[in-house]
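# Understanding the architecture of this molecule
Letter by letter, the chains look like this.
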Amino acid sequence: MSAPLPEPLAHTRADFPLLEREIDGRPIAYLDSASTAPKPRAVIEAVLDCYRRHTANVHRGVHVLAEEASEAYEAARTEVASFLNAAPDEIVFTRNSTEGVNLVAHGLGLGGDDEVVVTALEHHSNFLPWRAAARAVAVGLGDDGLPRYDEVERALSPRTRLLALAQVPNTTGVVAPVERWVALARERGVPLLVDAAQSASHLPIDVRALDCDFLVLSGHKLLGPSGIGVLYGKRERLAGLALYQTGGGMVRRHTDEGFTPHEVPQRFEAGTPNIEGAVGLGAAVGYLRALGMEAVRAHSLALGRHLVEGLREIPGARIVAGSAPLERRIGLAAFTLAAPGLGQEAIARLLCDRYGILLSGGYHCAHLLHDRLGLDGTVRISTHVFNTHAEIDRALAALREISGW
Ligand SMILES: Cc1ncc(COP(=O)(O)O)c(C=O)c1O
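Just so it is clear, the model here is predicted, and its values are computed rather than measured.

Close to the ligand lie 13 residues; Thr 98, Asp 195, Gln 198, Ser 218 and Lys 221 are nearest. One nitrogen or oxygen atom from the main chain of Ser 97 is found 3.3 Å from an oxygen atom belonging to the ligand. In this structure, Asp 195 approaches the ligand through a side-chain N or O atom, which is 2.5 Å from a nitrogen atom. Contact with the protein chains covers 89% of the free accessible surface of the ligand, which is 390 Å².

As a further point, take the sheet that holds strand S7 (residues 160-166). Two strands in a sheet stick together by hydrogen bonds in their backbones, pointing the same way (parallel) or opposite ways (antiparallel). Here we have seven strands laid out as an open sheet, ordered S4-S10-S9-S8-S7-S5-S6, and mixed in their pairing. Taken across any chain shown, the strands that pair with only one partner, and hence form the sheet edges, are strand S4 (91-94) and strand S6 (135-139). Strand-to-strand twist of the sheet, defined as the mean angle between neighbouring strand axes without regard to direction, takes the value 20°. As defined by bridge partners, strand S9 (residues 214-218) adjoins strand S10 (residues 229-233) across five bridges and the pair is classed as antiparallel. Residue pairing across strands places Ser 218 opposite Gly 229, the latter belonging to S10. Strand contacts of helix H2 (residues 64-84): S4, S9 and S10, with the helix running at about 115° to S4, the strand carrying the most contacts.

Let us look at helix H3 (residues 97-107). Burial analysis of H3 places eight of its eleven residues in the buried class, the great majority of the element. What H3 keeps buried is the set Ser 97, Glu 99, Gly 100, Val 101, Leu 103, Val 104, Ala 105 and Gly 107. A distance of 3.3 Å separates the backbone nitrogen of Thr 98 from a side-chain oxygen at the start of H3, and that oxygen is part of Asn 96.

Buried together is how nonpolar side chains tend to be arranged in soluble globular proteins. Counting 69 residues, the largest nonpolar core has Leu 84, Phe 93, Trp 181, Leu 192, Leu 215 and Val 385 as its most contacted members. For this core, the element with the highest residue contribution is helix H9 (residues 275-291), accounting for ten residues. Each of domain 1 (10-40 + 293-403) and domain 2 (44-290) contributes no fewer than three residues to this core.

This paragraph deals with helix H10 (residues 293-312). Helix length check: H10, at 20 residues, gives a terminal C-alpha distance of 28 Å against a target of 28 Å (1.5 Å per residue), a fit within 8%. Of the residues making up H10, those classed as buried are Met 293, Val 296, His 299, Ser 300, Leu 303, Gly 304, His 306, Leu 307, Val 308, Gly 310 and Leu 311. In this fold, the buried residues of H10 make contact with H2, H9, strand S13 (317-319), strand S14 (332-337), strand S17 (378-382) and helix H13 (389-403).

If you add up the space inside the largest pocket, you get close to 260 Å³. Around the largest pocket, the lining comprises 19 residues; the ones closest to its centre are Gln 167, Val 175, Leu 203, Pro 204 and Arg 297. Of all elements in the fold, only helix H6 (178-188), helix H7 (207-210) and H10 reach the threshold of two or more residues within the lining of the largest pocket. Ranked by residue count, the leading element in the lining of the largest pocket is H10, at three residues. Residues belonging to the lining of the largest pocket are distributed by class as follows: ten nonpolar, three polar and six charged. Each of domain 1 (10-40 + 293-403) and domain 2 (44-290) gives at least three residues to the lining of the largest pocket.

Before going further, it helps to spend a moment on the domain arrangement of the chain. For the chain, the assigned domains read domain 1 (10-40 + 293-403) and domain 2 (44-290). Domain 1 and domain 2 are separated by 27 Å when their C-alpha centres are compared. In this complex, domain 1 contributes 41 residues to the contact, which on the side of domain 2 involves 38 residues. Among the residues domain 1 hides against domain 2, the three largest losses belong to Met 293, Arg 328 and Ile 330. Together they make up 22% of the total.

Rules used in this analysis
Residues numbered from 1 in each chain as written. Predicted model: local features only at pLDDT ≥ 70, side-chain atom pairs only at ≥ 80, totals over all residues. Heavy atoms only, no water. Near = heavy atom within 4 Å. Polar contact = N/O pair within 3.5 Å; in protein donor to acceptor, adjacent residues only side chain to side chain. Areas by Shrake-Rupley, 256 points an atom, 1.4 Å probe, with all protein chains shown as cover. Pairing = 2+ DSSP bridges. Helix = DSSP H or I, 4+ residues; strand = E, 2+ residues; numbered from the N terminus. Axes fitted to C-alpha atoms, helices over the stretch in contact; angles between N-to-C directions. Contact = heavy atoms within 4.5 Å. Buried < 20%, exposed > 50% of the residue type's maximum accessible area, 1.4 Å probe, protein only. Core = buried A, V, L, I, M, F, W, Y, C linked by side-chain atoms within 4.5 Å. Domains from an automatic or database assignment. Expected span 1.5 Å × (residues − 1). 1 Å grid on protein atoms, 1.4 Å probe; cavity = no way out; pocket = protein on both sides within 12 Å on 5 of 7 lines; lining within 4 Å. Points joined across faces, edges and corners; volume = space filled by probe spheres on them. Nonpolar A, V, L, I, M, F, W, Y, C, P; charged D, E, K, R; others polar. Buried area = accessible area lost by both parts, 1.4 Å probe.

If you want it as C-alpha coordinates, here you go:
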(Lines give C-alpha, C1' and ligand atoms only; values in the text may rest on other atoms or scores of the structure.)
Protein backbone atom coordinates (compact mmCIF):
# COMPACT_ATOMS: atom_id res chain seq x y z
CA MET A 1 0.00 0.00 0.00
CA SER A 2 1.33 3.48 -0.85
CA ALA A 3 2.01 5.95 1.98
CA PRO A 4 -0.85 8.38 2.76
CA LEU A 5 -0.48 11.71 1.00
CA PRO A 6 0.46 14.71 3.15
CA GLU A 7 -2.51 16.81 4.29
CA PRO A 8 -0.79 19.94 5.65
CA LEU A 9 -4.00 21.95 5.97
CA ALA A 10 -6.25 19.16 7.27
CA HIS A 11 -6.20 20.84 10.71
CA THR A 12 -8.37 23.62 9.25
CA ARG A 13 -11.33 21.22 8.96
CA ALA A 14 -12.12 21.75 12.62
CA ASP A 15 -12.63 25.46 11.89
CA PHE A 16 -15.61 24.88 9.56
CA PRO A 17 -18.86 23.93 11.33
CA LEU A 18 -20.53 23.15 7.98
CA LEU A 19 -18.20 20.20 7.46
CA GLU A 20 -19.85 18.47 10.41
CA ARG A 21 -23.08 18.18 8.40
CA GLU A 22 -24.36 14.81 7.37
CA ILE A 23 -26.86 13.99 4.64
CA ASP A 24 -28.92 10.84 5.26
CA GLY A 25 -26.42 9.72 7.87
CA ARG A 26 -23.38 10.19 5.60
CA PRO A 27 -20.73 12.82 6.35
CA ILE A 28 -20.62 15.29 3.51
CA ALA A 29 -17.63 15.85 1.24
CA TYR A 30 -17.86 19.53 0.28
CA LEU A 31 -16.28 19.83 -3.17
CA ASP A 32 -18.17 22.87 -4.43
CA SER A 33 -16.21 25.88 -3.18
CA ALA A 34 -15.94 27.37 -6.69
CA SER A 35 -19.66 27.91 -6.35
CA THR A 36 -19.52 29.19 -2.78
CA ALA A 37 -17.31 28.24 0.15
CA PRO A 38 -18.11 27.23 3.75
CA LYS A 39 -17.20 29.77 6.42
CA PRO A 40 -14.69 29.29 9.22
CA ARG A 41 -15.67 30.14 12.81
CA ALA A 42 -13.49 33.27 12.67
CA VAL A 43 -15.80 34.69 9.98
CA ILE A 44 -19.03 33.58 11.63
CA GLU A 45 -17.92 35.09 14.95
CA ALA A 46 -16.82 38.37 13.33
CA VAL A 47 -20.24 38.78 11.68
CA LEU A 48 -22.11 37.81 14.86
CA ASP A 49 -19.99 40.24 16.86
CA CYS A 50 -21.11 43.07 14.56
CA TYR A 51 -24.74 42.21 15.17
CA ARG A 52 -24.27 41.64 18.89
CA ARG A 53 -22.05 44.57 19.80
CA HIS A 54 -21.49 47.15 17.07
CA THR A 55 -24.74 47.65 15.19
CA ALA A 56 -24.62 51.20 13.85
CA ASN A 57 -24.23 52.91 10.50
CA VAL A 58 -20.82 53.84 9.13
CA HIS A 59 -19.34 57.23 8.24
CA ARG A 60 -22.29 59.25 9.47
CA GLY A 61 -23.06 58.56 13.14
CA VAL A 62 -21.74 60.70 15.96
CA HIS A 63 -21.94 58.14 18.77
CA VAL A 64 -19.54 55.50 20.04
CA LEU A 65 -21.13 52.51 18.34
CA ALA A 66 -21.06 54.37 15.01
CA GLU A 67 -17.36 55.02 15.53
CA GLU A 68 -16.76 51.35 16.30
CA ALA A 69 -18.71 50.23 13.22
CA SER A 70 -16.81 52.68 10.99
CA GLU A 71 -13.48 51.52 12.42
CA ALA A 72 -14.35 47.86 11.87
CA TYR A 73 -15.49 48.57 8.30
CA GLU A 74 -12.33 50.52 7.45
CA ALA A 75 -10.12 47.93 9.19
CA ALA A 76 -11.64 45.33 6.86
CA ARG A 77 -10.74 47.52 3.88
CA THR A 78 -7.15 47.75 5.13
CA GLU A 79 -6.99 43.97 5.64
CA VAL A 80 -8.25 43.34 2.10
CA ALA A 81 -5.77 45.91 0.76
CA SER A 82 -2.87 44.10 2.48
CA PHE A 83 -4.12 40.77 1.09
CA LEU A 84 -3.82 42.18 -2.45
CA ASN A 85 -0.82 44.46 -1.78
CA ALA A 86 -2.97 47.49 -2.62
CA ALA A 87 -3.61 50.75 -0.76
CA PRO A 88 -6.87 50.96 1.24
CA ASP A 89 -8.20 53.77 -0.96
CA GLU A 90 -7.86 51.51 -4.00
CA ILE A 91 -10.37 49.05 -2.52
CA VAL A 92 -14.06 49.58 -3.29
CA PHE A 93 -16.52 47.32 -1.49
CA THR A 94 -19.12 45.96 -3.90
CA ARG A 95 -21.78 43.25 -3.64
CA ASN A 96 -19.71 40.69 -5.54
CA SER A 97 -17.43 40.25 -8.57
CA THR A 98 -20.39 40.80 -10.89
CA GLU A 99 -21.03 44.25 -9.49
CA GLY A 100 -17.34 45.14 -9.74
CA VAL A 101 -17.35 44.30 -13.46
CA ASN A 102 -20.59 46.21 -14.01
CA LEU A 103 -19.19 49.21 -12.16
CA VAL A 104 -16.17 49.35 -14.48
CA ALA A 105 -18.23 48.65 -17.63
CA HIS A 106 -20.51 51.54 -16.71
CA GLY A 107 -17.74 53.80 -15.41
CA LEU A 108 -15.66 53.61 -18.58
CA GLY A 109 -18.58 55.09 -20.51
CA LEU A 110 -18.37 52.41 -23.22
CA GLY A 111 -20.42 52.92 -26.36
CA GLY A 112 -21.70 50.82 -29.23
CA ASP A 113 -18.50 51.08 -31.33
CA ASP A 114 -16.15 50.28 -28.47
CA GLU A 115 -14.65 46.83 -28.09
CA VAL A 116 -13.60 44.81 -25.07
CA VAL A 117 -11.34 41.80 -25.59
CA VAL A 118 -12.26 38.89 -23.33
CA THR A 119 -11.97 35.11 -23.52
CA ALA A 120 -14.60 32.53 -24.35
CA LEU A 121 -13.73 30.94 -20.99
CA GLU A 122 -15.22 33.77 -18.95
CA HIS A 123 -18.00 33.39 -16.44
CA HIS A 124 -21.13 35.26 -17.63
CA SER A 125 -20.33 37.90 -15.00
CA ASN A 126 -17.13 38.84 -16.82
CA PHE A 127 -18.73 38.76 -20.23
CA LEU A 128 -22.31 40.01 -20.26
CA PRO A 129 -21.57 43.42 -18.67
CA TRP A 130 -19.04 44.06 -21.49
CA ARG A 131 -21.41 42.74 -24.08
CA ALA A 132 -24.23 44.93 -22.79
CA ALA A 133 -22.08 48.08 -22.91
CA ALA A 134 -19.91 47.49 -26.00
CA ARG A 135 -18.82 44.78 -28.42
CA ALA A 136 -17.15 41.87 -26.64
CA VAL A 137 -14.53 40.07 -28.76
CA ALA A 138 -13.77 36.64 -27.33
CA VAL A 139 -10.58 34.65 -27.87
CA GLY A 140 -10.81 30.87 -27.70
CA LEU A 141 -9.31 28.04 -25.66
CA GLY A 142 -6.01 26.62 -26.93
CA ASP A 143 -4.91 22.98 -26.85
CA ASP A 144 -2.71 23.85 -23.89
CA GLY A 145 -5.79 24.71 -21.79
CA LEU A 146 -5.01 28.46 -21.88
CA PRO A 147 -6.77 31.32 -23.67
CA ARG A 148 -5.24 31.56 -27.17
CA TYR A 149 -2.66 34.30 -27.02
CA ASP A 150 -2.25 34.56 -30.80
CA GLU A 151 -5.94 35.46 -30.97
CA VAL A 152 -5.58 38.21 -28.37
CA GLU A 153 -3.07 40.05 -30.51
CA ARG A 154 -5.35 39.74 -33.53
CA ALA A 155 -8.45 40.75 -31.55
CA LEU A 156 -6.97 44.10 -30.52
CA SER A 157 -8.06 47.04 -32.66
CA PRO A 158 -8.05 50.85 -32.42
CA ARG A 159 -11.54 50.48 -30.92
CA THR A 160 -10.34 48.27 -28.02
CA ARG A 161 -11.07 50.01 -24.71
CA LEU A 162 -10.20 47.23 -22.26
CA LEU A 163 -8.86 43.69 -21.91
CA ALA A 164 -10.57 41.47 -19.34
CA LEU A 165 -9.86 37.90 -18.31
CA ALA A 166 -10.19 35.50 -15.40
CA GLN A 167 -6.93 34.70 -13.66
CA VAL A 168 -8.38 31.21 -13.21
CA PRO A 169 -11.55 30.38 -15.19
CA ASN A 170 -14.18 28.53 -13.18
CA THR A 171 -14.41 25.75 -15.78
CA THR A 172 -10.74 24.98 -16.45
CA GLY A 173 -9.01 25.58 -13.12
CA VAL A 174 -5.91 26.59 -15.09
CA VAL A 175 -3.95 29.74 -14.18
CA ALA A 176 -3.96 32.11 -17.19
CA PRO A 177 -0.77 33.93 -18.23
CA VAL A 178 -2.17 37.27 -17.06
CA GLU A 179 1.29 38.85 -17.15
CA ARG A 180 1.44 38.41 -20.95
CA TRP A 181 -1.95 40.07 -21.31
CA VAL A 182 -0.86 42.92 -19.03
CA ALA A 183 2.29 43.46 -21.13
CA LEU A 184 0.15 43.66 -24.25
CA ALA A 185 -2.32 46.02 -22.59
CA ARG A 186 0.58 48.30 -21.57
CA GLU A 187 1.98 48.18 -25.10
CA ARG A 188 -1.38 49.23 -26.57
CA GLY A 189 -2.20 51.72 -23.81
CA VAL A 190 -5.50 50.11 -22.78
CA PRO A 191 -6.49 49.11 -19.24
CA LEU A 192 -6.87 45.48 -18.12
CA LEU A 193 -9.28 43.94 -15.64
CA VAL A 194 -8.53 40.68 -13.85
CA ASP A 195 -11.41 38.53 -12.64
CA ALA A 196 -10.01 36.96 -9.48
CA ALA A 197 -13.31 35.44 -8.28
CA GLN A 198 -11.75 31.96 -8.33
CA SER A 199 -8.04 32.64 -8.12
CA ALA A 200 -8.11 34.72 -4.92
CA SER A 201 -8.89 31.58 -2.87
CA HIS A 202 -5.98 29.63 -4.31
CA LEU A 203 -3.07 31.93 -5.16
CA PRO A 204 -1.26 34.82 -3.54
CA ILE A 205 -2.24 37.98 -5.44
CA ASP A 206 -0.06 41.06 -5.62
CA VAL A 207 -1.78 43.71 -7.72
CA ARG A 208 1.37 45.85 -7.80
CA ALA A 209 3.48 43.03 -9.20
CA LEU A 210 0.67 42.00 -11.55
CA ASP A 211 0.28 45.64 -12.64
CA CYS A 212 -3.38 45.16 -13.55
CA ASP A 213 -5.62 48.24 -13.65
CA PHE A 214 -8.68 46.63 -12.09
CA LEU A 215 -9.36 43.37 -10.24
CA VAL A 216 -12.61 41.96 -8.88
CA LEU A 217 -13.36 39.25 -6.34
CA SER A 218 -16.28 37.90 -4.30
CA GLY A 219 -16.30 37.42 -0.53
CA HIS A 220 -18.42 34.29 -0.54
CA LYS A 221 -15.89 32.20 -2.48
CA LEU A 222 -13.08 33.47 -0.28
CA LEU A 223 -14.53 31.95 2.93
CA GLY A 224 -16.37 35.23 3.62
CA PRO A 225 -20.05 36.22 3.59
CA SER A 226 -22.16 36.62 0.47
CA GLY A 227 -23.27 40.07 -0.63
CA ILE A 228 -19.78 41.54 -0.29
CA GLY A 229 -17.10 41.79 -2.93
CA VAL A 230 -14.17 43.92 -3.92
CA LEU A 231 -13.19 46.07 -6.85
CA TYR A 232 -9.52 46.97 -6.77
CA GLY A 233 -8.49 49.78 -9.09
CA LYS A 234 -5.32 51.80 -9.48
CA ARG A 235 -6.05 55.16 -7.88
CA GLU A 236 -6.00 57.11 -11.14
CA ARG A 237 -8.10 54.47 -12.91
CA LEU A 238 -10.79 54.55 -10.23
CA ALA A 239 -10.77 58.34 -10.23
CA GLY A 240 -11.36 58.28 -14.00
CA LEU A 241 -14.55 56.18 -13.79
CA ALA A 242 -17.95 57.82 -14.07
CA LEU A 243 -20.19 57.52 -11.02
CA TYR A 244 -21.97 54.20 -10.86
CA GLN A 245 -24.68 54.94 -8.32
CA THR A 246 -25.58 58.08 -6.44
CA GLY A 247 -27.20 58.61 -3.06
CA GLY A 248 -26.21 58.95 0.57
CA GLY A 249 -22.71 58.03 1.64
CA MET A 250 -21.03 58.92 -1.66
CA VAL A 251 -21.65 62.67 -1.55
CA ARG A 252 -19.57 65.33 0.19
CA ARG A 253 -21.97 68.27 -0.37
CA HIS A 254 -25.37 68.65 -2.01
CA THR A 255 -26.85 72.07 -2.78
CA ASP A 256 -29.52 73.48 -5.11
CA GLU A 257 -26.78 73.93 -7.72
CA GLY A 258 -25.53 70.36 -7.69
CA PHE A 259 -23.44 67.91 -5.67
CA THR A 260 -19.81 67.05 -5.04
CA PRO A 261 -18.98 63.37 -4.62
CA HIS A 262 -16.43 62.06 -2.14
CA GLU A 263 -13.03 60.90 -3.31
CA VAL A 264 -12.49 57.24 -4.21
CA PRO A 265 -13.32 54.73 -2.87
CA GLN A 266 -16.28 56.21 -0.99
CA ARG A 267 -17.73 57.80 -4.13
CA PHE A 268 -18.50 54.27 -5.37
CA GLU A 269 -20.18 53.11 -2.16
CA ALA A 270 -23.58 54.78 -2.35
CA GLY A 271 -26.10 53.91 0.36
CA THR A 272 -25.54 51.97 3.56
CA PRO A 273 -22.97 49.31 2.67
CA ASN A 274 -22.89 45.68 3.74
CA ILE A 275 -21.06 46.46 6.97
CA GLU A 276 -21.24 42.98 8.48
CA GLY A 277 -20.23 41.49 5.13
CA ALA A 278 -17.15 43.69 4.91
CA VAL A 279 -16.13 42.82 8.47
CA GLY A 280 -16.68 39.12 7.73
CA LEU A 281 -14.59 39.41 4.57
CA GLY A 282 -11.83 41.09 6.56
CA ALA A 283 -11.88 38.11 8.94
CA ALA A 284 -11.82 35.65 6.03
CA VAL A 285 -8.83 37.34 4.49
CA GLY A 286 -7.12 37.42 7.89
CA TYR A 287 -7.77 33.69 8.25
CA LEU A 288 -6.18 32.95 4.87
CA ARG A 289 -3.21 35.22 5.54
CA ALA A 290 -2.60 33.40 8.82
CA LEU A 291 -2.51 30.07 6.94
CA GLY A 292 -0.14 31.67 4.42
CA MET A 293 -1.15 32.03 0.79
CA GLU A 294 1.94 30.12 -0.37
CA ALA A 295 0.80 27.14 1.73
CA VAL A 296 -2.72 27.57 0.33
CA ARG A 297 -1.36 27.61 -3.22
CA ALA A 298 0.78 24.47 -2.65
CA HIS A 299 -2.22 22.63 -1.20
CA SER A 300 -4.49 23.65 -4.08
CA LEU A 301 -1.89 22.60 -6.64
CA ALA A 302 -1.45 19.20 -4.96
CA LEU A 303 -5.21 18.58 -4.85
CA GLY A 304 -5.60 19.72 -8.48
CA ARG A 305 -2.88 17.34 -9.62
CA HIS A 306 -4.37 14.45 -7.64
CA LEU A 307 -7.82 15.17 -9.04
CA VAL A 308 -6.75 15.35 -12.68
CA GLU A 309 -4.51 12.29 -12.42
CA GLY A 310 -7.39 10.38 -10.85
CA LEU A 311 -9.89 11.51 -13.50
CA ARG A 312 -7.49 10.50 -16.26
CA GLU A 313 -7.70 6.93 -14.99
CA ILE A 314 -11.48 6.80 -15.40
CA PRO A 315 -12.08 5.68 -19.01
CA GLY A 316 -15.41 7.52 -19.44
CA ALA A 317 -14.15 10.87 -18.10
CA ARG A 318 -13.09 13.78 -20.34
CA ILE A 319 -11.51 16.72 -18.56
CA VAL A 320 -11.99 20.32 -19.74
CA ALA A 321 -8.51 21.71 -20.52
CA GLY A 322 -7.25 18.24 -19.62
CA SER A 323 -3.93 18.73 -21.41
CA ALA A 324 -2.99 21.88 -19.46
CA PRO A 325 0.28 21.55 -17.53
CA LEU A 326 -0.41 20.15 -14.07
CA GLU A 327 1.74 22.83 -12.44
CA ARG A 328 -0.67 25.52 -13.71
CA ARG A 329 -3.74 23.93 -12.12
CA ILE A 330 -5.62 24.78 -8.96
CA GLY A 331 -7.80 22.30 -7.09
CA LEU A 332 -10.63 22.47 -9.61
CA ALA A 333 -11.61 20.42 -12.64
CA ALA A 334 -14.71 20.24 -14.83
CA PHE A 335 -15.28 17.07 -16.82
CA THR A 336 -17.87 14.94 -18.52
CA LEU A 337 -18.51 11.39 -17.46
CA ALA A 338 -20.07 8.76 -19.69
CA ALA A 339 -22.60 7.05 -17.45
CA PRO A 340 -25.49 4.93 -18.72
CA GLY A 341 -28.70 7.03 -18.93
CA LEU A 342 -27.32 9.98 -16.96
CA GLY A 343 -26.60 13.57 -18.04
CA GLN A 344 -23.95 15.62 -16.25
CA GLU A 345 -26.39 17.41 -13.93
CA ALA A 346 -27.99 14.10 -12.99
CA ILE A 347 -24.56 12.69 -12.16
CA ALA A 348 -23.86 15.63 -9.84
CA ARG A 349 -27.22 15.13 -8.14
CA LEU A 350 -26.62 11.40 -7.74
CA LEU A 351 -23.27 12.07 -6.09
CA CYS A 352 -25.10 14.11 -3.49
CA ASP A 353 -28.03 11.76 -2.97
CA ARG A 354 -26.19 8.46 -3.00
CA TYR A 355 -22.75 9.41 -1.69
CA GLY A 356 -23.05 12.70 0.24
CA ILE A 357 -20.59 14.33 -2.17
CA LEU A 358 -21.48 17.94 -2.98
CA LEU A 359 -20.27 19.35 -6.28
CA SER A 360 -21.61 21.22 -9.31
CA GLY A 361 -23.25 19.98 -12.49
CA GLY A 362 -24.39 22.04 -15.49
CA TYR A 363 -22.86 24.99 -17.36
CA HIS A 364 -21.33 26.90 -14.42
CA CYS A 365 -22.41 30.23 -16.00
CA ALA A 366 -20.08 29.55 -18.94
CA HIS A 367 -22.42 28.71 -21.84
CA LEU A 368 -20.02 29.99 -24.46
CA LEU A 369 -17.19 27.64 -23.50
CA HIS A 370 -19.52 24.65 -23.32
CA ASP A 371 -20.91 25.57 -26.76
CA ARG A 372 -17.45 25.90 -28.24
CA LEU A 373 -16.44 22.53 -26.80
CA GLY A 374 -19.72 20.97 -27.91
CA LEU A 375 -20.53 19.92 -24.35
CA ASP A 376 -24.00 19.56 -22.91
CA GLY A 377 -22.86 20.50 -19.40
CA THR A 378 -20.06 19.25 -17.18
CA VAL A 379 -19.55 18.02 -13.63
CA ARG A 380 -17.19 20.20 -11.57
CA ILE A 381 -15.17 19.32 -8.48
CA SER A 382 -13.62 22.28 -6.68
CA THR A 383 -11.63 22.44 -3.48
CA HIS A 384 -10.63 24.86 -0.76
CA VAL A 385 -8.17 24.86 2.11
CA PHE A 386 -10.05 22.25 4.18
CA ASN A 387 -10.33 19.56 1.49
CA THR A 388 -8.16 16.47 1.55
CA HIS A 389 -6.81 13.96 -0.95
CA ALA A 390 -9.02 11.40 0.77
CA GLU A 391 -12.13 13.38 -0.18
CA ILE A 392 -11.01 13.51 -3.81
CA ASP A 393 -10.47 9.73 -3.69
CA ARG A 394 -13.98 9.35 -2.31
CA ALA A 395 -15.39 11.36 -5.25
CA LEU A 396 -13.27 9.45 -7.79
CA ALA A 397 -14.44 6.10 -6.40
CA ALA A 398 -18.07 7.24 -6.65
CA LEU A 399 -17.57 8.45 -10.24
CA ARG A 400 -15.97 5.13 -11.17
CA GLU A 401 -18.89 3.26 -9.66
CA ILE A 402 -21.48 5.43 -11.46
CA SER A 403 -19.74 5.07 -14.81
CA GLY A 404 -19.59 1.30 -14.38
CA TRP A 405 -15.76 1.03 -14.34
C1 LIG B 1 -14.53 33.26 -12.61
C2 LIG B 1 -15.77 33.86 -12.02
N3 LIG B 1 -16.05 35.15 -12.25
C4 LIG B 1 -17.12 35.75 -11.74
C5 LIG B 1 -18.00 35.06 -10.95
C6 LIG B 1 -19.18 35.77 -10.41
O7 LIG B 1 -19.13 35.80 -9.01
P8 LIG B 1 -20.35 36.43 -8.20
O9 LIG B 1 -21.55 35.64 -8.56
O10 LIG B 1 -19.94 36.26 -6.78
O11 LIG B 1 -20.45 37.85 -8.61
C12 LIG B 1 -17.78 33.70 -10.69
C13 LIG B 1 -18.73 32.92 -9.89
O14 LIG B 1 -18.79 31.72 -9.98
C15 LIG B 1 -16.63 33.10 -11.24
O16 LIG B 1 -16.35 31.82 -11.02
